[in-house]
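Residues per chain are reported as follows:
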Amino acid sequence: MNRRRFLRASGLSALTTLAAAACNTDDTTPPAGARRSVIVVGAGIAGLSAARALTDRGHDVMVLEARDRIGGRIRTSDQWPDAPVDLGASWIHGVDGNPIADLARRAGARTIPTGADDNTVYGTDGHRVGQDSADRIEHWRNAIAAALAEAQDDAEDETPDASLRSVAEHAVNWSALPEADKALVASLLNDYEHEYSGSADELSSRYFDDDAKLRGGDVLFPAGYGAVTDYLTRGLTVRTGQVVDRVDWSGAGVTVTTTTGSFAADHVVITVPLGVLQSGTIEFTPGLPEDKSTAIAKLGMGVLDKCYLRFPHTFWPDTDWLTYVPALDKPGHWAQWINYARVAGQPILLGFNAAGFGRDSETRSDTDLVAEAMATLRTVYGPAVPDPLDHQITCWSSDPYARGSYSFNKLGSTPDMRDHLAADLADRIHFAGEATDRMSFGTVHGAYNSGLRAAAEITG
Ligand SMILES: Cc1cc2nc3c(=O)[nH]c(=O)nc-3n(C[C@H](O)[C@H](O)[C@H](O)COP(=O)(O)OP(=O)(O)OC[C@H]3O[C@@H](n4cnc5c(N)ncnc54)[C@H](O)[C@@H]3O)c2cc1C
């Protein structure tokens, strides 16, 4: 995701002091009586950052994690020992002033830059697009961006919100377009779906991009993003295999019940993904207030899935990105690829599928998906392209502890719903996780900052 956000650094600065404090080794034991017991639910980056900050300040912290591993939607696979690959988050978006870049440095994790413009684009027939098509893509891209900028400005007035697709299609006069241009426009809409994970029909044209703007390039981790979560976890108390199903805050503190037992504390920090909250698998007693329940129901949880294909040798050009314009009846199918050979030093391609097609792909077998991916690659690179030796395919939407890839601002939601989602209850239940970050939802740094914010609510 995210090839467009290269922007200003302001959104991250507020929490940098806390971030610098996290992972320190100083003894900052709180004064007598101020030491709090805290349960953190979820060992993703948000839960780990909250637990890290609280533990470093001398509080008594236990992390309860449903899976048998830490990291949540940061997950480095070691299925290929010579080529670790990230099945969840890949990039640090905008390294300047980004706390994750700082953590990566302290963890000693190597990163390599990728460039959005380092891209080879293929048309539906598999040939590289010529200057004429490139100009038309640019023309439609600008027309859509201008219409969306106008829709975002409408936030100040009474104009009702509309879906990203309807605004874009109106801007390009869709019904009058020749089929070839429709395919180009559809692929530009699919770019937004990859970045924001919601479908163009569901994304709010007004609020889809309400994020903190970052400066600096994007970088990937050749040895895996897991280095960051491993680093944050050092010295923390994490209990895996603990599926939380009940949070009782009717008494003075909180009681958290899992499938194996009950745990009591002064505070709980809930960091499970929005999709898990939407599923209702965690019961809150008393129930959540209306504004929080409304936020949970109305914000969107989208899909971005990955398909790594490992080949005997490379057969593609040496650019960071390889982009295909699918036929109109196959919108978003196998449209975006990363040349992972640059990252892993092995002949690997990484394909992304988002939103509607991403969700559908999770209902199909790996064999079927690989065959369809190969049909696209053979359209572009010819019939002699070898079969892959192996593959790794994600299913984030079907994962019971994620229930989607990351959140998006759905038509019918408003940004203040993220504040409602983030708000603590009775200074006992605190909420963190990417979906609670109004400015940088859907990102690792947004999730990380939300954990620091929840920790600060507890430490005062
Ligand atoms: C395919 C993909 C690509 C992405 N690419 C990028 C990218 O390039 N850059 C970027 O910045 N972001 C990216 N993201 C988004 C990023 O991964 C997330 O925003 C971030 O990791 C979320 O962290 P979190 O702590 O909020 O949630 P999570 O990491 O999901 O942590 C929540 C934890 O809660 C646990 N949990 C769930 N239910 C329960 C329960 N009942 N009891 C106990 N524990 C429970 C989960 O197992 C999980 O460990 C991507 C995400 C995906 C899926």
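Residues numbered from 1 in each chain as written. Predicted model: local features only at pLDDT ≥ 70, side-chain atom pairs only at ≥ 80, totals over all residues. Heavy atoms only, no water.

What follows covers the site of the ligand. Around the ligand sit 40 residues in total, of which Glu65, Arg67, Arg73, Trp91 and Val444 are the nearest. Separating an oxygen atom of the ligand from a side-chain N or O atom of arginine 73 is a distance of 2.7 Å. Within the contact set of the ligand, an oxygen atom lies 2.8 Å away from a backbone nitrogen or oxygen of tryptophan 91. In the complex, the protein chains occlude 99% of the 1,000 Å² of accessible area that the ligand would expose alone. Of the pockets mapped on this structure, the ligand occupies the second largest pocket. Where the shell around the ligand is concerned, the elements lending two or more residues are helix H2 (45-56) and helix H14 (444-459). Split by domain, the residues of the shell around the ligand number at least three in each of domain 1 (18-26 + 35-75 + 223-301 + 402-459) and domain 2 (77-117 + 303-393). (Near = heavy atom within 4 Å. Polar contact = N/O pair within 3.5 Å; in protein donor to acceptor, adjacent residues only side chain to side chain. Areas by Shrake-Rupley, 256 points an atom, 1.4 Å probe, with all protein chains shown as cover. 1 Å grid on protein atoms, 1.4 Å probe; cavity = no way out; pocket = protein on both sides within 12 Å on 5 of 7 lines; lining within 4 Å. Sits in = over half its atoms within 2 Å of the grid points. Helix = DSSP H or I, 4+ residues; strand = E, 2+ residues; numbered from the N terminus. Domains from an automatic or database assignment.)

Interaxial distance between helix H4 (residues 131-153) and helix H5 (residues 164-172) falls to 9 Å at its minimum, and their mutual angle equals 125°. Here H4 is positioned oblique relative to H5, judged by the angle of their axes. Pair H4 / H5 crosses with right-handed handedness. Facing H4, whose interface residues are Trp140, Ala143, Ile144, Ala147, Leu148 and Ala151, H5 presents Leu164, Val167, Ala168, Ala171 and Val172. (Axes fitted to C-alpha atoms, helices over the stretch in contact; angles between N-to-C directions. Parallel < 35°, antiparallel > 145°, perpendicular 65-115°, else oblique. Left-handed = near helix turned anticlockwise from the far one by under 90°. Contact = heavy atoms within 4.5 Å.)

Another point: the layout of surface pockets. Over the atoms, a rolling probe the size of a water molecule traces out where space has been left empty. Reported here for the second largest pocket is a volume of approximately 730 Å³. Residue lining of the second largest pocket: 47 residues in total, with Gly72, Arg73, Ile74, Pro273 and Ser405 positioned closest to the centre. Mapped onto the lining of the second largest pocket, the elements with two or more residues apiece are H2, strand S10 (244-248), strand S16 (304-310) and H14. Counted by class, the lining of the second largest pocket contains 25 nonpolar, 15 polar and seven charged residues. Here the lining of the second largest pocket spans two domains, and each of domain 1 (18-26 + 35-75 + 223-301 + 402-459) and domain 2 (77-117 + 303-393) adds at least three residues to it. (Points joined across faces, edges and corners; volume = space filled by probe spheres on them. Nonpolar A, V, L, I, M, F, W, Y, C, P; charged D, E, K, R; others polar.)

In terms of domain boundaries, the chain breaks down into domain 1 (18-26 + 35-75 + 223-301 + 402-459) and domain 2 (77-117 + 303-393). Spacing between the C-alpha centres of domain 1 and domain 2 amounts to 29 Å. Counting from both sides, the interface comprises 22 residues of domain 1 and, opposite them, 22 residues of domain 2. Among the residues domain 1 hides against domain 2, the three largest losses belong to Arg75, Tyr225 and Tyr231. Together they make up 33% of the total. On the surface where domain 1 and domain 2 come into contact, there are zero salt bridges. Seen at the junction of domain 1 and domain 2, the total is seven residue pairs in polar contact (both at pLDDT 80 or more). Of all the elements in the fold, those that place two or more residues in the side of domain 1 that touches domain 2 are helix H1 (16-21), helix H7 (226-233) and H14. The greatest single-element share of the side of domain 1 that touches domain 2, amounting to five residues, is contributed by H7. (Buried area = accessible area lost by both parts, 1.4 Å probe. Salt bridge = Lys/Arg side-chain N within 4 Å of Asp/Glu carboxyl O.)

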